[in-house]
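Structural overview for review
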Amino acid sequence: QVQLVESGGGLAQPGGSLRLSCAVSGRTFSSNAMAWFRQAPGKEREFVARINWSGSITSYVDSVKGRFTISTDNAKKTLYLQMNSLKPEDTALYYCVMGRTYVGPWDYWGQGTQVTVSS
């Protein structure tokens, strides 16, 4: 059974930075992919970024391109999301997700970590 545990959320000022981490436990495969999704209050959950297990392929939602960077440390089985130039509209509950492949399906979800961007 795969478990995903996020950390690193919190309060940041506009223009600031945060780094989210996600510890992965359980059996994984080289075909797996990892992603971050987020859900803001009153809004639908949305895709933020994804990465294949080797870390060679990434993609981002347009609203975070150039500001967020997704990465993995396979030796530590940890997923990261470096978030720079944060905006109030980045405020959301961020979920770490594992998929069977780079295009999903997204089978395993963490409990989420809250990111709040406010002055």
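Our structure is the block above this text.
The residue numbering used here restarts from 1 in each chain and proceeds along that chain's sequence as written. Local features in a predicted model are, by the rule used here, given only for residues with pLDDT of at least 70; side-chain atom pairs are given and counted only at 80 or more, and totals for whole chains, interfaces and linings are based on all residues. The side-chain values count all of the structure's non-hydrogen atoms but skip hydrogen atoms and water molecules.

**Focus: the overall build of the chain**
Runs of E in the DSSP output that reach at least two residues are strands. Runs of H or I that reach at least four are helices, and both are numbered from the N terminus. When helices and strands are counted, the chain shows 0 helices and 11 strands. Along the chain, from the amino end to the carboxyl end, the secondary structure elements read β-β-β-β-β-β-β-β-β-β-β. Each radius of gyration is computed over the set of C-alpha atoms, and the globule rule expresses the reference value as 2.2 Å times the number of residues to the power 0.38. Computed over its C-alpha atoms, the radius of gyration of the chain comes to 13 Å, within 12% of the 14 Å expected for a compact globule of 119 residues. Across its three principal directions, the C-alpha atoms of the chain cover 40 × 25 × 25 Å. Contacts in the chain between residues at least 24 apart in sequence constitute 55% of all its contacts with a sequence separation of at least 6. For the chain, the exposed area adds up to about 6200 Å²; of that, 49% sits on carbon and sulfur atoms. We call two residues in contact when some of their heavy atoms are within 4.5 Å. Here the open area of atoms and residues is found with the Shrake-Rupley method and a 1.4 Å probe, where only the protein chains shown may cover a residue.

**Details of empty space enclosed by the protein**
In this analysis, the protein atoms alone were mapped onto a 1 Å grid. Cavities are point sets where a 1.4 Å probe fits without being able to get out; pockets are open sets with protein on both sides within 12 Å along at least five of seven lines; lining residues have an atom within 4 Å of a point. Grid points are joined across faces, edges and corners, and a volume is the space filled by probe spheres set on the points. In the structure shown here, the tally under the stated rule is 1 cavity of 30 Å³ or more. A volume near 30 Å³ is recorded for the largest cavity. Lining of the largest cavity is provided by Val24, Met34, Trp53, Thr72, Asn74, Lys77, Thr78 and Leu79. Along the lines of polarity and charge, the residues of the lining of the largest cavity split into 4 nonpolar, 3 polar and 1 charged. Residue type decides the class: Asp, Glu, Lys and Arg count as charged, Ala, Val, Leu, Ile, Met, Phe, Trp, Tyr, Cys and Pro as nonpolar, and the leftover types, Gly among them, as polar.

**What to know about the state of the cysteines**
Our working definition of a disulfide is a cysteine sulfur pair at a distance within 2.5 Å. Following the criterion strictly, the structure yields 1 disulfide and no others. Each sulfur in the disulfide pair cysteine 22 and cysteine 96 lies 2.0 Å from the other. The chirality of the disulfide connecting cysteine 22 with cysteine 96 is left-handed, given an S-S dihedral of about -75°. With cysteine 22 in strand E3 (residues 18-25) and cysteine 96 in strand E9 (residues 92-99), this pair connects stretches of sequence that are 74 residues apart. Buried means the residue's accessible area, taken with a 1.4 Å probe over protein chains only, is under 20% of the maximum for its type, while exposed means over 50%, and partly exposed covers the values in between. Assessed through its relative accessible area of 0%, cysteine 96 is described here as buried.

**Quick look at unusual backbone geometry**
The bulk of non-glycine residues show a negative phi, and the bulk of peptide bonds are trans. A cis amide bond, omega -5°, links glycine 104 with the succeeding residue proline 105. Tracing the chain through its elements places proline 105 in the loop between E9 and strand E10 (106-109). Phi is positive for lysine 77, close to 50°, though the residue is something other than glycine. Considering the arrangement of structural elements, one finds lysine 77 in the loop between strand E7 (68-73) and strand E8 (78-83). A residue is classified by how much of its surface remains accessible, and lysine 77, at 23% relative accessible area, is partly exposed. Residue serine 85 is not a glycine yet carries a positive backbone phi of 50°. In this structure, serine 85 sits in the loop between E8 and E9. Residue class for serine 85 comes out partly exposed when judged on its relative accessible area of 42%.

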